[in-house]
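Below are the chains, spelled out letter by letter.
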Number of protein chains: 2
Amino acid sequence: MEVQMDKIRAYIDAHKDEYLSLLQKFLRQPSISTTNTGMREMADLVEETLRNMGFEVEEIPTNGYPIVYGFLKGEGDRTLMFYNHYDVQPVDPIDEWDVDPFSGTIKDGMIISRGTADNKGQMLSRLMAIDAYQKVYGKPPMNIKVVYEGEEEVGSPHLAGFPKLYPDKVAADGVVWEGGGRDTGGPAHITLGVKGLAYVELRVRTANIDAHSSNSPIWKNAAWRLVWALNTLKNERDEILIDGFYDDVAALTDSDMAFLNSIPYDEKTVLERMEMDGFVNDVTGVELLKKLLYTPTCNICGIKSGYIEQGSKTVLPAYAAAKLDFRLVPNMTRERVVDLLRKHLDKHGFTDVEIVSMPGAPAYRTNPDNPLVQAAIAASEETYHIPPAIYPNSSGTMGVYHFCHDTGLPCVMYGVANEFSQVHAPNENIYVEDFILGIKMTASVIDKFSKA
Amino acid sequence: MEVQMDKIRAYIDAHKDEYLSLLQKFLRQPSISTTNTGMREMADLVEETLRNMGFEVEEIPTNGYPIVYGFLKGEGDRTLMFYNHYDVQPVDPIDEWDVDPFSGTIKDGMIISRGTADNKGQMLSRLMAIDAYQKVYGKPPMNIKVVYEGEEEVGSPHLAGFPKLYPDKVAADGVVWEGGGRDTGGPAHITLGVKGLAYVELRVRTANIDAHSSNSPIWKNAAWRLVWALNTLKNERDEILIDGFYDDVAALTDSDMAFLNSIPYDEKTVLERMEMDGFVNDVTGVELLKKLLYTPTCNICGIKSGYIEQGSKTVLPAYAAAKLDFRLVPNMTRERVVDLLRKHLDKHGFTDVEIVSMPGAPAYRTNPDNPLVQAAIAASEETYHIPPAIYPNSSGTMGVYHFCHDTGLPCVMYGVANEFSQVHAPNENIYVEDFILGIKMTASVIDKFSKA
């Protein structure tokens, strides 16, 4: 099959209204997993759309909403998988919407509705690229698998088990994950992985009940114990002091550093918008991005002890707790972090500090030399006419690790949103132009990947 | 007037039932300041009782409940003042009372009712000592003033202003404060002062809103800032690290140390009851008491930041706050402590930590050589037949400083309660025997003080 991308792009432009209509149809079908609103109807619509395109469709039951799985035979043996989700966030606060959130409104070059950016616009931009291939050349140049989850907005409780339960269904040569976007007037983002996560709660109990603070010279204070314990974990220069914490961190390569030059970060706007007086350690420029993307963290998510309401109460707290998250870079594991934390606390005399470990995840990064990554980079240049911003990993953590870390699948993330897409908020939107460009982008990714 | 204490004690024993009846009458009159239950009736009953004894009675209005002031002319120019309060705590949880809380029940050698220990039993034991004097010798050997507050259980909002507004009414040669007690089978307690109090809230804001914790490598975390700031204030050996904090603390004298030998502290029972694994710095014996009574403190009453409910939330808190109390020993002032704290935080780079100062009080200690103290010690030995436990100051803080620190009045505290008196709790009680001994104790205090 000798594909000419120009023909496909021309087809996409010619059928822009048809693709927008289908997106509107998807947007007009509510699918709020939190409240079980329209979930059955949405799964039916997704399945019908896939079947109309010639996909073999299977509904994989879970204890919650089903996963919609589809397979489309293309040329050759290569297989590309797309992960998206068909559920959306609730619409509250409804009063702050300028349009009916399930109207599929197109206005001022924008598509405004719940789910445009997260995740129906992303899902359909990819599916319509395949449609364009079929219409122009009969079929895509590789096999296509889609995995459409119905529980992403409620924490993906059943996604982790999917690759283990259905190894044949996740067998592929690469996966395009949920979504992404580009900064207004800036490059498109391509993200190749995620940081991992270890999440713990630290608890200290010094007595069975709070006491009058007049006892504080001689009775132990749980809040002080926790403050002292926490202080041993990280210093004011943001250096994590847990013995061995950094041991597993791989040294940065020249290419790791080179990626940073592609990434825009508007420091001034961030500081102004957040009313912050500066960044940690006053980092700036490439050093800021290096720290943001490549360093593991030890973050206090919350801390509480004793009395902290209005006015004064002279109390000696018997109990204190803090929640910490550790973002992990490749090679680190949550098990090892929790183990090192326990050893550290013991070594510093904090055997009284209990660690309660919560769900987490390992980090994952696709090798930038992987053909799928190279295809995505080339496709982005072709589609957007400027080089993409390449994030070797995001600063956060996503469900992608269940697929990629556990299966070893290469993964890329890119998409149709922008920094003002109001994801999870009123007036969620994407640009019409970005939706159409997103279709062309995926068509180009498939083209380049088929040739790599 | 040649007083024979034996005659007075015999009179007290002979009129035990009469005195108990009057106490029951007081206990049967509810007087809950929190809910304004029976407060007017209680003030009337107190005033009627005083007038029947020959006191000149004046009701001092406040913006809340009035202070009942009484003056009784005795022999000579010396004047002894008694401070007590006629209000009581609410009775909740009512289901946990074994008797009607306003029944004045006498059972198994105990008087069980709301207010027996706090403070009607204390008040009447003192008043009945004066009654016995009058009945046996016509009048007491010195002038008597009583100041009966109606707002002690709601924080004494108008007591601080009283000495300044009515200097003539607080003119005296000494004051017997609210109350006290003795340990079961142990010595009576005589307390000569209180620690002072400085109370502050520390607040840190690093941004205008909480953020996703993926930003934690480069965005400042208010919880961490607060933990690091707190950690600079005190170390794990309980040493307060604020420059100059200990400068004003007077060196302990031989007599300060000698007092400690008189004080019982059942370490084992305390540890067991509170389920504590030991005391701060493993202090024990005299060192424990020295630390409890003579050292200033820096105590975390409460701390809060970010998310600390169920489960995990990956958040970067923009705001954190902690409440601290500092118990102060003589010569320290809250103004100076707050000033030193500000300088300390600035010096350590925590200019971003705001200090909000809340109401506090200076410390106060009566000189143990004062004739009133010596009279109380001698009276306690005479009444209880064992030497008293002498607390140069309590480990806590009370309203007494408004009278004693501001006026320079010598002050003693002693009384009719015990460690199981259930103050502020269901089944509040005192022993009948302690009430009668309390009457004898005050009679003896008056006798000894008149001769000093």
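All values derive from a computational prediction rather than experimental measurement. (Residues numbered from 1 in each chain as written. Chains lettered and ligands numbered in written order. Predicted model: local features only at pLDDT ≥ 70, side-chain atom pairs only at ≥ 80, totals over all residues. Heavy atoms only, no water.)

**Student:** Help me out: how do you make sense of the relation of the copies chain B and chain A in this one?
**Tutor:** Of the transformation placing chain B onto chain A, the axial shift is 0.1 Å and the rotation is 180°, giving an RMSD of 0.1 Å. Both copies of the chain, as the preceding transformation shows, are related through a two-fold rotation axis. Every residue of chain B has its C-alpha some distance from the rotation axis, and the shortest such distance is that of Lys-304 of chain B, at 2.2 Å. (Least-squares fit on C-alpha atoms with pLDDT ≥ 70 in both.)

**Student:** Would you mind going over the side chain of Asn-143 of chain A with me for this structure?
**Tutor:** Residue and element names in this part refer to chain A. With respect to the element layout, Asn-143 can be found in strand 6 (residues 143-149). Since its relative accessible area comes to 5%, Asn-143 is described here as buried. Separated by 3.0 Å, the side chains of Asn-143 and Lys-73 make a polar contact. With sequence-adjacent residues up to four places away left out, Asn-143 is seen in contact with Phe-71, Leu-72, Lys-73, Gly-74, Glu-75, Gly-76, Asp-77, Arg-78, Thr-79 and Leu-80. (Helix = DSSP H or I, 4+ residues; strand = E, 2+ residues; numbered from the N terminus. Buried < 20%, exposed > 50% of the residue type's maximum accessible area, 1.4 Å probe, protein only. Polar contact = N/O pair within 3.5 Å; in protein donor to acceptor, adjacent residues only side chain to side chain. Contact = heavy atoms within 4.5 Å.)

**Student:** Any chance you could explain the pattern of salt bridges here in plain terms?
**Tutor:** Between side chains of opposite charge, a pair can form as their charged atoms come close. For the coordinates displayed, the defined rule picks out 55 salt bridges over all chains. In this structure, Lys-169 of chain B engages Glu-58 of chain B in a salt bridge whose closest nitrogen and oxygen atoms are separated by 3.4 Å. You can see Lys-169 of chain B sitting in helix 6 (residues 167-170) and its partner Glu-58 of chain B sitting in strand 1 (residues 56-60), a full 111 residues away along the chain. Judged by relative accessible area, Glu-58 of chain B falls into the partly exposed class, the value being 37%. Beyond isolated ion pairs, a larger network of salt bridges with shared partners links Asp-6, Arg-9, Glu-382 and Lys-448 of chain A. (Salt bridge = Lys/Arg side-chain N within 4 Å of Asp/Glu carboxyl O.)

**Student:** How do you make sense of the packing of aromatic side chains when you look at a structure like this?
**Tutor:** Pairs of aromatic rings are described using the distance from one ring centre to the other and the angle between the two planes. A complete count under the given rule lists twelve aromatic pairs over all chains for this structure. Measuring from ring centre to ring centre gives 5.4 Å for Phe-245 of chain A and Tyr-246 of chain A, while their planes differ by 90°; the resulting arrangement is edge-to-face. Owing to a relative accessible area of 2%, Phe-245 of chain A belongs among the buried residues under this scheme. When its relative accessible area of 37% is taken as the criterion, Tyr-246 of chain A is described as partly exposed. Between Tyr-265 of chain B and Phe-279 of chain B the ring centres are 6.2 Å apart and the planes differ by 65°, which places this aromatic pair in the edge-to-face class. In this pair, Tyr-265 of chain B is assigned in the loop between helix 8 (254-260) and helix 9 (267-274) and Phe-279 of chain B in the loop between helix 9 and helix 10 (285-294), connecting sequence segments 14 residues apart. (Phe/Tyr/Trp six-rings, centres within 6.5 Å; stacked < 30°, edge-to-face > 60°.)

**Student:** Would you take a moment to explain the sheet that holds strand 5 (residues 110-112) of chain B for this structure?
**Tutor:** Sheet strands pair by backbone hydrogen bonding; their relative direction is either parallel or antiparallel. All names here are of chain B. If you walk across this open sheet you meet the three strands as 4-5-19, and the pairing is antiparallel. Edge positions in the open sheet fall to strand 4 (105-107) and strand 19 (429-431), since each of these has one partner strand only. The average undirected angle you get between the axes of adjacent strands in this sheet is 25°. (Pairing = 2+ DSSP bridges. Axes fitted to C-alpha atoms, helices over the stretch in contact; angles between N-to-C directions.)

**Student:** Even after reading the chapter, I still don't get the pairing of strand 12 (residues 299-306) of chain A, so can you show me in this structure?
**Tutor:** Successive side chains on a regular strand alternate, one facing one side of the sheet and the next facing the other. Most of strand 12 of chain A is tucked away, with six of its eight residues classed as buried. Taken together, the six bridges between strand 12 of chain A and strand 14 (residues 319-328) of chain A define a ladder with antiparallel strand orientation. For Lys-304 of chain A, the partnering residue across the bridge sits in strand 14 of chain A and is Ala-321 of chain A. Taken together, the five bridges between strand 12 of chain A and strand 12 (residues 299-306) of chain B define a ladder with antiparallel strand orientation. Bridge pairing in strand 12 of chain B links Gly-306 of chain A to Gly-302 of chain B.

**Student:** Just to check I follow, could you spell out the pairing of strand 2 (residues 67-72) of chain A for this structure?
**Tutor:** All names here are of chain A. In terms of burial, strand 2 is a largely internal element, six of the six residues being buried. Side chains of strand 2 alternate between two faces, with Ile-67, Tyr-69 and Phe-71 and Val-68, Gly-70 and Leu-72 buried alike. Across five bridges, the pairing between strand 1 (residues 56-60) and strand 2 is antiparallel. By the bridge assignment, Glu-58 is partnered in strand 2 with Tyr-69. Between strand 1 and strand 2, which follow one another and run antiparallel, lie six residues. Both strand 2 and strand 6 contribute to a ladder of five bridges, which runs antiparallel.

**Student:** Where do I start with helix 12 (residues 371-384) of chain B in this structure?
**Tutor:** Side chains of residues three or four places apart in an α-helix project in the same direction, reflecting 3.6 residues per turn. Residues and elements named next belong to chain B. With 14 residues, helix 12 should cover 20 Å at 1.5 Å per step; its first-to-last C-alpha distance of 20 Å lies within 8% of that length. All of the buried residues along helix 12 are Leu-372, Val-373, Ala-375, Ala-376, Ile-377, Ala-379, Ser-380, Thr-383 and Tyr-384. As for helix 12, its buried residues are in contact with strand 3 (79-85), strand 7 (174-177), strand 8 (189-191), strand 17 (389-391), strand 18 (411-413) and helix 14 (432-451). One or two steps after helix 12, the chain reaches His-385, where phi turns positive at roughly 65°. (Expected span 1.5 Å × (residues − 1).)

**Student:** Just checking my understanding: could you explain the environment of Arg-336 of chain A for this structure?
**Tutor:** Residue and element names in this part refer to chain A. Counting through the fold element by element, Arg-336 comes out in helix 10 (residues 334-347). Residue class for Arg-336 comes out partly exposed when judged on its relative accessible area of 33%. A sequence separation of 91 residues divides Arg-336 from Phe-245, and the C-alpha atoms of the two residues are 8.7 Å apart. Every residue in contact with Arg-336, bar those within four places of it in the chain, is listed here: Gly-244, Asp-247 and Asp-248.

**Student:** Got a minute to help me understand the interface of chain B and chain A in this structure?
**Tutor:** Accessible area lost on assembly of the parts is the figure often given for the size of an interface. On the chain A side, the residues contacting the 76 residues of chain B number 76 residues. Summed over both partners, the interface of chain B with chain A buries about 6100 Å², with 61% contributed by carbon and sulfur atoms. Taken together, chain B and chain A are joined by two salt bridges. Asp-277 of chain B is the salt-bridge partner of Lys-220 of chain A, the closest N and O atoms lying 2.9 Å from each other. Linking chain B with chain A are 39 residue pairs in polar contact (both at pLDDT 80 or more). For the side of chain B that touches chain A, the elements supplying multiple residues, two or more each, are strand 10 (196-205), strand 11 (211-212), helix 7 (222-231), helix 9, helix 10, strand 12, strand 13 (315-316) and strand 14 (319-328) of chain B. (Buried area = accessible area lost by both parts, 1.4 Å probe.)

**Student:** What am I meant to see in the sheet that holds strand 15 (residues 353-361) of chain B here?
**Tutor:** Spatially, the eight strands line up as an open sheet ordered 15(A)-10(A)-14(A)-12(A)-12(B)-14(B)-10(B)-15(B), and their pairing is antiparallel. In the strand order of this sheet, the two ends are held by strand 15 (353-361) of chain A together with strand 15 of chain B, each with one partner. Averaged over all pairs of adjacent strands, the angle between their axes in this sheet comes to 15°, without regard to strand direction. Packing of helix 11 (residues 334-347) of chain B onto the sheet brings it into contact with strand 10, strand 14 and strand 15 of chain B, and relative to strand 15 of chain B it is tilted by some 170°.

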